[in-house]
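Survey of secondary and tertiary structure
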Amino acid sequence: MITRSARSTTVVADAAGLAAASAAVAALAVAALPTAAQAAPTGTAQVDPATGTDTTSIDLTASAACQAPSTNILVKVTGKGFPADGKNVVGNSPISTNGQAPSGGIVVPLTMTMRDYANEAGFSTLEGR
């Protein structure tokens, strides 16, 4: 599910859907940065590839373009082992730095793997479906 807010968009990927042996499709949500009001859901996001391992590279693709006046994106991962408020996996950056999907949405490549993010968060076992 994607929600958008006034100036920025935060994608939150739930790591519970990513198992250490096979990364499954994760539930995604987008919320406002703390300085902006939260908006209602306006779309979906897809994890690509839908399956893999904890060392597989991941791209997130939004189903539609971010609505004006949104200018930036921030991606966090949440789930067992990650901080309660999420771990930033893509820092606050201009939407324009990301590629565009045929749907008009943006494609956000994660620069590290779920294994790397788990290691940074201080745990070694990813759990999920």
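Counting from 1, residues in each chain are numbered in the order their sequence is written. It should be noted that, the model being predicted, local features are given only for residues of pLDDT at least 70 and side-chain atom pairs only at 80 or more, the latter also being counted only at that level, while totals for whole chains, interfaces and linings use all residues. Note that the side-chain values use all heavy atoms of the structure and ignore hydrogens as well as water.

**Some thoughts on the nonpolar core**
Leu 60, Val 75, Phe 82, Ile 106, Val 108, Leu 110 and Met 114 are the most contacted members of the largest nonpolar core, which totals 20 residues. Between two residues, a contact is recorded if the distance between any of their heavy atoms is within 4.5 Å. Sequence-distant contacts of Leu 110, defined by excluding residues within four places in its chain, comprise Ile 58, Asp 59, Leu 60, Val 75, Val 89, Val 90 and Tyr 117. Residues belong to one nonpolar core when they are buried, are Ala, Val, Leu, Ile, Met, Phe, Trp, Tyr or Cys, and are joined through side-chain atoms within 4.5 Å. Note on exposure labels: buried denotes an accessible area under 20% of the residue type's maximum, exposed denotes more than 50%, and partly exposed covers the range between, all computed with a 1.4 Å probe on protein chains only.

**A word on the sheet that holds strand 5 (residues 45–48)**
Pairing between two strands requires that DSSP report at least two bridges joining them. Runs of E in the DSSP output that reach at least two residues are strands. Runs of H or I that reach at least four are helices, and both are numbered from the N terminus. Across the sheet, four strands lie side by side as 5-6-10-9; this open sheet has antiparallel pairing. Unpaired on one side and paired on the other, strand 5 and strand 9 (99–100) mark the two borders of the sheet. As defined by bridge partners, strand 5 adjoins strand 6 (residues 59–62) across four bridges and the pair is classed as antiparallel. Residue Asp 48 lies in a different strand from strand 6, and its bridge partner there is Asp 59.

**Observations concerning the confidence of the model for the protein**
On a range of 0 to 100, pLDDT expresses the predictor's confidence in each residue. On average, residues of the protein score 74 in pLDDT, and 66% of them reach the 70 mark or higher. Strand 10 (residues 106–109) holds the highest mean pLDDT among the elements of the protein, 95, whereas strand 3 (residues 28–31) holds the lowest, 34. The low-confidence segment residues 1–9, where pLDDT is below 50, has 54 contacts with residues more than four positions distant or belonging to other chains. The model gives residues 16–36 a pLDDT under 50, and that stretch makes 73 contacts with residues more than four places away or in other chains.

**Remarks on the packing of aromatic side chains**
The description of an aromatic ring pair rests on the distance of the ring centres and on the angle between the ring planes. Two rings from Phe, Tyr or Trp (for Trp, the six-membered ring) form a pair when their centres sit within 6.5 Å of each other. Planes less than 30 degrees apart are called stacked, planes more than 60 degrees apart edge-to-face, and all others tilted. Tallied over the entire structure, the rule returns one aromatic pair. Here the aromatic rings of Phe 82 and Phe 123 are separated by 5.0 Å at their centres, their planes lie at 85 degrees, and the arrangement is edge-to-face. On the criterion of sequence distance, the pair formed by Phe 82 in the loop between strand 7 (72–78) and strand 8 (87–94) and Phe 123 in the segment after helix 1 (114–121) is long-range, its members being 41 residues apart. According to the relative accessible area criterion, Phe 82 is buried, its value standing at 8%.

**Re helix 1**
Residues of helix 1 that are buried: Met 114, Arg 115, Tyr 117 and Ala 118. Down the axis, helix 1 shows its buried residues gathered within 165 degrees of arc, on one side only. Check the buried side of helix 1 and you find it contacts strand 7 and strand 8. Looking one or two places after helix 1, you find Gly 122, whose phi comes out positive at around 95 degrees. Read the arc as the range of directions from the helix axis to the C-beta atoms.

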